[in-house]
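Listed here are the chains, written in short residue letters.
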Amino acid sequence: MTIAPPLSPAATGAPMTGPVQRLASRLRGLRDLSGWRRAVAAMVAGAFGALAMPPFGVWPALAVSFPVLVLLLDGTRGRLWPGLKAAAGIGWAFGFGYFLASLWWIGAAFLVEADVFAWLLPFAVLAMPAGLGLFTAFGAVLARLLWSEGPLRLFAFAFAFTTAEWLRGHVLTGFPWNTFGYAFAQWLPLTQSAALVGAYGLTFFALLLLATPVLTLSRRRWERAGILAAALLIATAAAWGATRLNGETPRFVPDVRLRIMQPDLPQDQKFNYSRRQDILGSYLTQSAEASATYPNGLQDVTVLIWPESALPFIYEREPWAAAAIAATLPANVTLVTGAVRYGAPPKGQHSPFFNSVRVIDHDGNVLRSTDKSHLVPFGEYLPLQDVLEQLGVEQLTRVRGGFSAAGALRALEVPGLPRVAPLVCYEIIFPGNVIPQGERPQVLLNLTNDGWFGLTPGPYQHFVQARLRAVEEGLPLVRAANTGISAIIDPMGRIVAMGQLGARTLVDGPLPQALETLPLAAVHAKLVLLWVQFSSLLLALLPLAGRIARKS
């Protein structure tokens, strides 16, 4: 008689034994941590999760970080107020670790003029993560209020931290840099999901799906099946994205030939007024060079694009500059450049300086200008500007009085181009806030100067966020960056032409056409996010409602 072998614990749904059980026991032990050990565990988990951001792009890192965060929040069960206090500490420590590891490169800006700003470097590198950690602390507290013991707590987790990330993108002018959804924005098939749900929708699904590995510790087989469901959903999203990419053939605007000049000018030289003639001369020489795409140089180009604040002077005050441009540009070329503009400040503001995008014709005449509306705190202006300047504090650009801001984004008409949405520097990182009022533009134009941050992760992160705006809005993106990364990107996020970071180069190519059908995120991103969040909240509340019903 043949005797059948005994079924394994995994097959019966019984608890695992041996090494697997010991590992599971140690992971469950995270729930019992307290004090500084709990804070260190949360901080390390957050820092490890930063590997999901550019330039590393290891998005599964969050599939380790988020489960650890869930387990630590599990350990706050018990009395309400002590639990909320513990959750706030866990959330803050996780956020501090995450932002310290993913934003440390901001300190590089304080070394450009080290004799003036180096002393501020440790404060900036530590203070920003500490401040941003308040949002993850809020997310943890909100999650704790909705927490339950079963798998539905993951919906509380995703709802609460998505809410916190949305607030981070809006409170005090907002700073939505490295929202968790960018973990899914570095592989184009997954990136396509942003066309449906937008950046904050991606953040929700990153939080929900990448937290499911914690279900491996569940003793119920049906709960562990949640991991398979999450994997299937990610695979389905990737398959849909690949199908979308294959189904949309790149199309280009007729008779538009772009040239982006990436000068790779060191930041400590870029604003050197005494070198203004040399700088403009080098720009013009580089812009006129022949390339494999344009063997006749500027004769083959229709629109020439220079980066943010390319000119180290006020254009109208230097008539020689207009003459030099006129002597170089052929009649068929229009120049679009970033430059500081001098003019009357808007009501309620005092500075006559604006960070602008300027359109210059082949005769050197300024045809149109638009001004930046979303200024960088401590970079382009100081909160309480007059008070801090009297104390000797300066913003990084060292413009006395800072810059004034435009009241809103404004479209730009450029000869030879369809309607343009100009976005200066980090204006492009704000999901759902890159399109000016009025007739919809057909191209996003991002002029930036990431030279402040050298060869650090910062420029890579900025590039990925800019590219996601193209996918969300269904619009091509033309990006000119002083030190890189300059590129022409189609509305699916595909790179048509690109320069490397830290290289003096020209990026030549055609202008992709906008999608004929607007992506769902371009029209209804807020409604989609509201629906996703509301549904998640209802699911998170089910266990709480069940407990209330049983007590009654």
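For the structure given in this document, a descriptive report is provided here. (Residues numbered from 1 in each chain as written. Predicted model: local features only at pLDDT ≥ 70, side-chain atom pairs only at ≥ 80, totals over all residues. Heavy atoms only, no water.)

**Describing the pattern of salt bridges**
Then, in step 1: Counting across every chain of the model gives 15 salt bridges.
Then, in step 2: Notably, a salt bridge pairs aspartate 508 with arginine 259, separated by 2.9 Å at the nearest N-O pair. Here aspartate 508, found in strand S11 (residues 505-512), pairs with arginine 259, found in strand S1 (residues 252-262); they are 249 residues apart in sequence, far enough to count as distant. The burial state of aspartate 508 is the same as that of arginine 259; both residues are buried.
Then, in step 3: A salt bridge links aspartate 490 to arginine 494, with the shortest nitrogen-to-oxygen separation between them at 2.7 Å. Of the two residues, aspartate 490 and arginine 494, both sit in the buried class.
Then, in step 4: Within the structure, one salt-bridge network assembled from shared partners comprises Arg31, Asp74 and Arg153. (Salt bridge = Lys/Arg side-chain N within 4 Å of Asp/Glu carboxyl O. Helix = DSSP H or I, 4+ residues; strand = E, 2+ residues; numbered from the N terminus. Buried < 20%, exposed > 50% of the residue type's maximum accessible area, 1.4 Å probe, protein only.)

**Side note on the packing of helix H4 (residues 62-74) against helix H5 (residues 80-103)**
Then, in step 1: Between H4 and H5, whose axes approach to 10 Å, the crossing angle comes to 160 degrees. Here H5 runs roughly antiparallel to H4, going by the angle between their axes. Every pair of crossing elements has a handedness; the one defined by H4 and H5 is right-handed. Mapping the contact onto sequence places Ser65, Phe66, Leu69, Leu72 and Leu73 in H4 and Ala87, Ile90 and Phe94 in H5.
Then, in step 2: Its residues placed into classes, the contact of H4 with H5 shows 7 nonpolar, 1 polar and no charged. (Axes fitted to C-alpha atoms, helices over the stretch in contact; angles between N-to-C directions. Parallel < 35°, antiparallel > 145°, perpendicular 65-115°, else oblique. Left-handed = near helix turned anticlockwise from the far one by under 90°. Contact = heavy atoms within 4.5 Å. Nonpolar A, V, L, I, M, F, W, Y, C, P; charged D, E, K, R; others polar.)

**A look at the packing of aromatic side chains**
One pair of aromatic rings is described through two measures. These are the centre distance and the angle between the planes.
Then, in step 1: One pass over the full model with this rule turns up 17 aromatic pairs.
Then, in step 2: Here tyrosine 342 and phenylalanine 353 contribute two aromatic rings whose centre-to-centre distance is 5.4 Å and whose plane-to-plane angle is 70 degrees, an arrangement assigned as edge-to-face. Of this pair, tyrosine 342 sits in strand S3 (residues 334-342) while phenylalanine 353 sits in strand S4 (residues 353-360), and the two are 11 residues apart along the sequence.
Then, in step 3: An aromatic cluster is present here, built from Phe66, Phe94, Tyr98, Phe99, Phe157, Phe161 and Phe180 joined pairwise through their rings.
Then, in step 4: Cation over ring: arginine 317 sits above tyrosine 342, and NZ or CZ is 4.5 Å from the ring centre.
Then, in step 5: Lying across the ring of phenylalanine 354, arginine 341 places its NZ or CZ 4.4 Å from the centre. (Phe/Tyr/Trp six-rings, centres within 6.5 Å; stacked < 30°, edge-to-face > 60°. Lys NZ or Arg CZ within 6 Å of the ring centre and 35° of its normal.)

**Here's the deal with the sheet that holds strand S8 (residues 477-481)**
Then, in step 1: Pairing is mixed in the open sheet, where 5 strands are placed in the order S6-S7-S8-S9-S10. Whereas interior strands pair on both sides, the edge strands pair on one side only; in this sheet they are strand S6 (420-424) and strand S10 (495-498). The sheet shows a mean angle of 10 degrees between the axes of neighbouring strands, direction not considered.
Then, in step 2: In this structure, S8 lies alongside strand S9 (residues 487-489), joined through 3 bridges in antiparallel fashion. Along S9, the bridge assignment pairs arginine 479 with alanine 487.
Then, in step 3: Here helix H16 (residues 457-473) sits on the sheet in contact with strand S7 (443-448), S8, S9 and S10, set at roughly 160 degrees to S8. (Pairing = 2+ DSSP bridges.)

**Focus on the nonpolar core**
Then, in step 1: With 117 residues, the main nonpolar core has Phe66, Leu73, Phe157, Leu258 and Ile305 as its most contacted residues.
Then, in step 2: For this core, the element with the most residues is helix H10 (residues 194-210), which contributes 11 residues. (Core = buried A, V, L, I, M, F, W, Y, C linked by side-chain atoms within 4.5 Å.)

**Description of H4**
Then, in step 1: Spanning 13 residues, H4 covers 18 Å between terminal C-alpha atoms, matching the ideal 18 Å at 1.5 Å per step.
Then, in step 2: Summarising burial for H4: 11 of the 13 residues are buried, a large majority.
Then, in step 3: Here H4 has its buried residues at Leu62, Ser65, Phe66, Pro67, Val68, Leu69, Val70, Leu71, Leu72, Leu73 and Asp74. (Expected span 1.5 Å × (residues − 1).)

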